[in-house]
Each structure stands twice: as C-alpha cells, then as structure tokens.
Amino acid sequence: MLFQKNIEPHCTYCAKGTQLEGGKILCGRRGVVSPEWSCRSFKYDPLKRVPPAPAALDFSRLKDEDFTL
C-alpha cells in the first residue's frame, strides 16, 4: 500500500529532502544526511516513495485444463 497511515519516516521520501549522487539526501534543514535517517521535521511525500516490486507469478504449476471452461 502506498498511502499507509503508519509510514516509518526516512529522509528518502521526505518532502524537504533531495536525492544526491551516491545515495545521500540533501535536507533543507539538516544538510547532507543518510537516506535511512529522519528528523522531527519529517513531512511525507508519497510521490517520492517507490513501492516494492510485485511478486513474480509462477505459471509452471498450471496445466492446460486450468484454462478451460
């Protein structure tokens, strides 16, 4: 779910942070910080959050009979 109510705060998806090269975050209040770090002024930006990849489907267990009516 992308819009959970209890999101663990990380500077990676904070509205005040900007992604830098090398995986660091430039915070408007704290300067250069780690992506996992967060401060009290964390503000969630849902557009910066990357959802986990969907699970891969395994079709090898299915037979042709499973697709007939």
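Everything discussed here concerns the structure shown above.
The following paragraphs examine the structure supplied in this document. (Residues numbered from 1 in each chain as written. Predicted model: local features only at pLDDT ≥ 70, side-chain atom pairs only at ≥ 80, totals over all residues. Heavy atoms only, no water.)

1. Here's the deal with the overall build of the protein chain
On a plain count of helices and strands, the protein chain comes out with 0 helices and 3 strands. When the helices and strands of the protein chain are placed in sequence order, the string is β-β-β. Against the 2.2 N^0.38 benchmark of 11 Å for 69 residues, the protein chain shows a C-alpha radius of gyration of 19 Å, more extended than a compact globule. Dimensions of the protein chain, computed from C-alpha atoms along their principal axes, come out at roughly 60 × 30 × 15 Å. When contacts within the protein chain are restricted to residue pairs at least 6 apart in sequence, long-range pairs at least 24 apart make up 52% of them. When the accessible surface of the protein chain is totalled, it reaches about 6,100 Å², and 56% of it is carbon and sulfur. Side chains of the protein chain give 11 positive and 8 negative charges; the mean places of these two sets differ by 20 Å. (Helix = DSSP H or I, 4+ residues; strand = E, 2+ residues; numbered from the N terminus. Rg over C-alpha atoms; globule rule 2.2 N^0.38 Å. Contact = heavy atoms within 4.5 Å. Areas by Shrake-Rupley, 256 points an atom, 1.4 Å probe, with all protein chains shown as cover. Lys, Arg positive; Asp, Glu negative; His and termini not counted. Charge placed at Lys NZ, Arg CZ, Asp CG, Glu CD.)

2. With respect to a positive patch on the surface
On the surface, K16, R29, R30, R40 and K43 cluster together into a positively charged patch. Along the chain, the position of R29 falls in the loop between β2 (25–27) and β3 (31–33). Accessibility expressed as a relative area gives 59% for R29, which makes it exposed. (Patch = residues over 30% accessible without salt bridge, like charges linked within 9 Å, V, L, I, M, F, W, Y side chains within 5 Å. Salt bridge = Lys/Arg side-chain N within 4 Å of Asp/Glu carboxyl O. Buried < 20%, exposed > 50% of the residue type's maximum accessible area, 1.4 Å probe, protein only.)

3. Let's talk about a nonpolar patch on the surface
On the surface, L57, F59, L62 and F67 cluster together into a nonpolar patch covering about 490 Å² of accessible area. Of note, L62 is situated in the segment after β3. With relative accessibility at 39%, the residue L62 sits in the partly exposed group.

4. A word on the environment of G23
Relative to the elements of secondary structure, G23 occurs in the loop between β1 (17–19) and β2. Its relative accessible area of 30% is what places G23 among the partly exposed residues. Taking the C-alpha atoms as reference points, G23 and V33, 10 residues apart in sequence, are found 9.6 Å from one another.

5. Observations concerning the pattern of salt bridges
With the rule as written, the count across this model stands at 1 salt bridge. Residue D58 pairs with R61 through a salt bridge whose shortest N-O separation is 3.7 Å.

6. Notes on empty space enclosed by the protein
This model, assessed by the stated rule, comprises 1 cavity of 30 Å³ or more. The calculated volume of the largest cavity comes to roughly 30 Å³. Lining the largest cavity are C11, C14, K16, C27, S38, C39, S41 and F42. Looking at the lining of the largest cavity, its residues break down into 5 nonpolar, 2 polar and 1 charged. (1 Å grid on protein atoms, 1.4 Å probe; cavity = no way out; pocket = protein on both sides within 12 Å on 5 of 7 lines; lining within 4 Å. Points joined across faces, edges and corners; volume = space filled by probe spheres on them. Nonpolar A, V, L, I, M, F, W, Y, C, P; charged D, E, K, R; others polar.)

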